[in-house]
Amino acid sequence: MQWETVIGLEVHAQLATKSKIFSGASIAYGAEPNTQACIVDLGFPGVLPVLNEEAVNMALKFGLAVNAEIGERSIFARKNYFYPDLPKGYQISQFELPIVGKGALTIDLDDGVQKVIGITRAHLEEDAGKSLHEDFHGMTGIDLNRAGTPLLEIVSEPDMRSIKEAVAYARKIHQLVVYLGICDGNMQEGSFRVDANLSIRPMGQEPMGTRTELKNINSFRFLERALNYELERQIDLVESGGQVVQETRLYDADRDETRSMRSKEEANDYRYFPDPDLLPVEINPARLDAARQDMPELPDQKRARFESDFNLSADDAGKLTQSRPQADYFEATVEAGADSKMAANWVMVELGGALNKAGLELNNSPVSPQQLGGLLKRIADNTISGKIAKQVFEAIWKGEGDADSVIEARGLKQITDSGAIEAIIAEVIANNPKQVDQFRAGKEKLLGFFVGQVMKATQGKASPGEVNKILLGKLKG
Amino acid sequence: MSLDHSDVEKIAHLARMALDESQIDAYAKDLSNILGLVEALEVADTDHVEPMAHPLHMAQRLRQDQVTETDHREENQSIAPSVETGLYLVPQVIE
């Protein structure tokens, strides 16, 4: 039987605020356990949560970026369950009237195909603490530094029909929240977490199959692998006469499999109710406007602008705008005087390759966009050839100064003076009579030999165009 | 609306309350009576009443995003039953 895959994703993006969503404790990663957990986070009696303005603004930016409905009022609710890393016995979340309502996101698939994925809602909530199950004499250790960290939970419609679409959607959300500056996107540190709901149904059938929810996925590669495993498992199960049970399953990356999480099964009755400690949040037009003003150019807009303003292919524009630092670097290189297509190439290939090799990020690049732009200008005006440019690039990388001073110091200026080139060519021709005869007898491939000899004599500094032109003239004449 | 024996068992479990088997039916009766009392509101005409999330007609005040709390781990942990290397220790939770 042919099966159709149905996937919906829930993304938890940790918001890049300084303080927690309901308290003034820091959310900086990596602090000593429990040094950033204040009495509000610990749920001491008598404390009151006060909402962080920046968390609201960040959620609004996301809502605007996915063209979502944003209501004038939003309310917080208590989601009740017991777990040691949740000190209050409830998580402050949103149920009715989430801050961000229905929206949509367009994802890009292979060969320029696009698909619109519905976003059901995005709501604000607080994160829980961390349980450490290493052995503390049969006890569990609890670190509540993370408790109260602001999260935006972004829920998609079950609109994805393949694992590829699911990964493309997750990547696009990741790109968007990082562009917006509302999340650092660090998946290893848990700043961006993905839960996936997957079900199968016979191709052409309307009603959805029973879904399982996959948790504990902390990279895009693991998302793909977890979904692959789960899809196979469900198909095998159904085809051998079994039934999928609705449950939460944990992805184990070491074994590359998903496992049932029994403890969560009976806990799915959260008895949400409006939190009496928090008044309804009013989103007035001024706040929404301010959020809109504060939004950067989004990846799709940037890509379209790169295509039209810089005359780049859709593919190059897409790759350059993949990350905001790379897009910014490219623009600064062009601003420094580089030709846009040349700049696109050098940023992605030469610079990208060198950074990769050195294990560096773009913001730690030893070559600044101004330096790269200066170098590319010298290729464009024929001061140096593309080949010599690679040498100059390496020298700039090593800190020998900008392009012009490296070219000067190393004497790399291209010889464009045709008189000088002609003299060298005459010498090469005089020194290689045998090859000249063979060339004239029809062995035209030997042109490469002569170009090579000239380049050797000039240490690669002769303009290749000029050399070719003069050589052909002399050899044929 | 009334609650039966199994409803009470479920609520007690969700609230992590240990109930004596012999008390359950009495609780079912008492809780059903409370629900009955609230049910009296059903007769009120609420067609023109806006649903309310909070009894106060005010909006939530927002806080500036600033770190204002300092580390009070030692004081906070002084009342905890068990602490080690800065962590609160609790009976093991098995996944």
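Thresholds applied
- Residues numbered from 1 in each chain as written.
- Chains lettered and ligands numbered in written order.
- Predicted model: local features only at pLDDT ≥ 70, side-chain atom pairs only at ≥ 80, totals over all residues.
- Helix = DSSP H or I, 4+ residues; strand = E, 2+ residues; numbered from the N terminus.
- Rg over C-alpha atoms; globule rule 2.2 N^0.38 Å.
- Buried ≥ 20, exposed ≤ 12 C-beta atoms within 10 Å, placed from the backbone.
- Contact = placed C-beta atoms within 7 Å.
- Core = buried A, V, L, I, M, F, W, Y, C linked by C-beta atoms within 7 Å.
- pLDDT = per-residue confidence, 0-100.
- Pairing = 2+ DSSP bridges.
- Domains from an automatic or database assignment.
- Axes fitted to C-alpha atoms, helices over the stretch in contact; angles between N-to-C directions.
- Parallel < 35°, antiparallel > 145°, perpendicular 65-115°, else oblique.
- Left-handed = near helix turned anticlockwise from the far one by under 90°.
- Nonpolar A, V, L, I, M, F, W, Y, C, P; charged D, E, K, R; others polar.

Overview of the overall build of chain B
Here is step 1: When helices and strands are counted, chain B shows three helices and three strands.
Here is step 2: Counting from the amino terminus, chain B carries its helices and strands in the arrangement α-α-β-α-β-β.
Here is step 3: Whereas a compact globule of 95 residues would reach a radius of gyration of roughly 12 Å, chain B reaches 23 Å, over 25% beyond that.
Here is step 4: In terms of overall dimensions, chain B has a C-alpha envelope of 55 × 45 × 25 Å along the principal axes.
Here is step 5: In chain B, which comprises 95 residues, the share counted as buried stands at 7%.

So, the overall build of chain A
Here is step 1: Within chain A, the secondary structure is distributed over 15 helices and 16 strands.
Here is step 2: Here chain A has a C-alpha radius of gyration of 30 Å; the compact-globule value for 477 residues is 23 Å, and the former is much larger.
Here is step 3: Projected onto its principal axes, the C-alpha coordinates of chain A cover approximately 95 × 55 × 50 Å.
Here is step 4: Within chain A, the fraction of its 477 residues that count as buried is 38%.
Here is step 5: Partitioning the contacts of chain A with sequence separation of at least 6, the portion at a separation of at least 24 is 69%.

Brief notes about the nonpolar core
All names here are of chain A.
Here is step 1: Judged by nonpolar contacts, the single largest core of 75 residues is most densely connected at Ala-59, Phe-62, Ala-166, Tyr-169 and Ala-196.
Here is step 2: Among the elements that take part in this core, helix 2 (residues 163-179) stands out by supplying 11 residues, more than any other.
Here is step 3: Leu-351, Val-392, Ala-395 and Ile-396 belong to the second-largest nonpolar core, a separate cluster that totals 31 residues.

With respect to the confidence of the model for chain B
Residues and elements named next belong to chain B.
Here is step 1: Mean pLDDT over chain B: 90, with 98% of residues reaching 70 or higher.
Here is step 2: Looking over chain B, one finds the lowest element-wise mean pLDDT in helix 1 (residues 5-14), namely 90, and the highest in strand 1 (residues 62-63), namely 96.
Here is step 3: Prediction confidence for the complex, expressed as pTM and ipTM, is 0.84 and 0.89 respectively.

As for the interface of chain A and chain B
One frequent convention defines the size of an interface as the accessible area lost when the parts assemble.
Here is step 1: Between chain A and chain B, the contact holds 43 residues from the first and 33 residues from the second.
Here is step 2: A per-element tally of the side of chain A that touches chain B places strand 9 (residues 139-143) of chain A first, with five residues.
Here is step 3: Two elements, strand 2 (residues 51-52) of chain A and strand 1 of chain B, share two bridges in a ladder whose sense is parallel. Pairing of Leu-51 of chain A across the sheet is with Leu-62 of chain B, part of strand 1 of chain B.

Points about the domain arrangement of chain A
Residue and element names in this part refer to chain A.
Here is step 1: Taken as a whole, chain A is organised into domain 1 (8-200 + 265-289), domain 2 (297-410) and domain 3 (418-476).
Here is step 2: Counting residues at the interface gives six residues for domain 1 and five residues for domain 2.
Here is step 3: The dominant element in the side of domain 1 that touches domain 2, judged by the number of residues it contributes, is helix 2, at four residues.

What about unusual backbone geometry?
Here is step 1: Although it is not a glycine, Asn-311 of chain A adopts a positive phi angle of roughly 60 degrees.
Here is step 2: Secondary-structure assignment places Asn-311 of chain A in the loop between helix 5 (299-310) and helix 6 (314-320).
Here is step 3: With a phi close to 40 degrees, Thr-85 of chain B is a non-glycine residue in the positive phi region.
Here is step 4: Positionally, Thr-85 of chain B belongs in the loop between strand 2 (83-84) and strand 3 (87-91).
Here is step 5: According to the C-beta neighbour criterion, Thr-85 of chain B is exposed, with 12 such atoms within 10 Å.

Looking at the sheet that holds strand 15 (residues 273-274) of chain A
Residue and element names in this part refer to chain A.
Here is step 1: Reading across the sheet, the three strands line up as 5-4-15 and stay open at both edges, with antiparallel pairing between neighbours. Only two strands of the sheet have a single neighbouring strand rather than two, namely strand 5 (90-93) and strand 15.
Here is step 2: Pairing geometry for strand 4 (residues 77-80) and strand 15, over two bridges, is antiparallel. Residue Arg-78 lies in a different strand from strand 15, and its bridge partner there is Phe-273.

Regarding the sheet that holds strand 2 of chain B
Here is step 1: Read across the open sheet, the four strands follow the order 8(A)-9(A)-3(B)-2(B); overall the sheet is antiparallel. Lying at the two open borders of the sheet, with one neighbouring strand each, are strand 8 (130-136) of chain A together with strand 2 of chain B.

Structural notes on the packing of helix 12 (residues 418-431) of chain A against helix 15 (residues 464-476) of chain A
All names here are of chain A.
Here is step 1: At a minimum axis separation of 10 Å, helix 12 and helix 15 run at an interaxial angle of 50 degrees. One element, helix 12, and the other, helix 15, form an angle in the oblique class. Taken as a pair, helix 12 and helix 15 cross one another with a handedness that is right-handed. Mapping the contact onto sequence places Ser-418, Ile-421, Glu-422, Ile-425 and Ile-429 in helix 12 and Glu-466, Val-467, Ile-470, Leu-471 and Lys-474 in helix 15.
Here is step 2: Across the contact of helix 12 with helix 15, the residue classes tally to six nonpolar, one polar and three charged.

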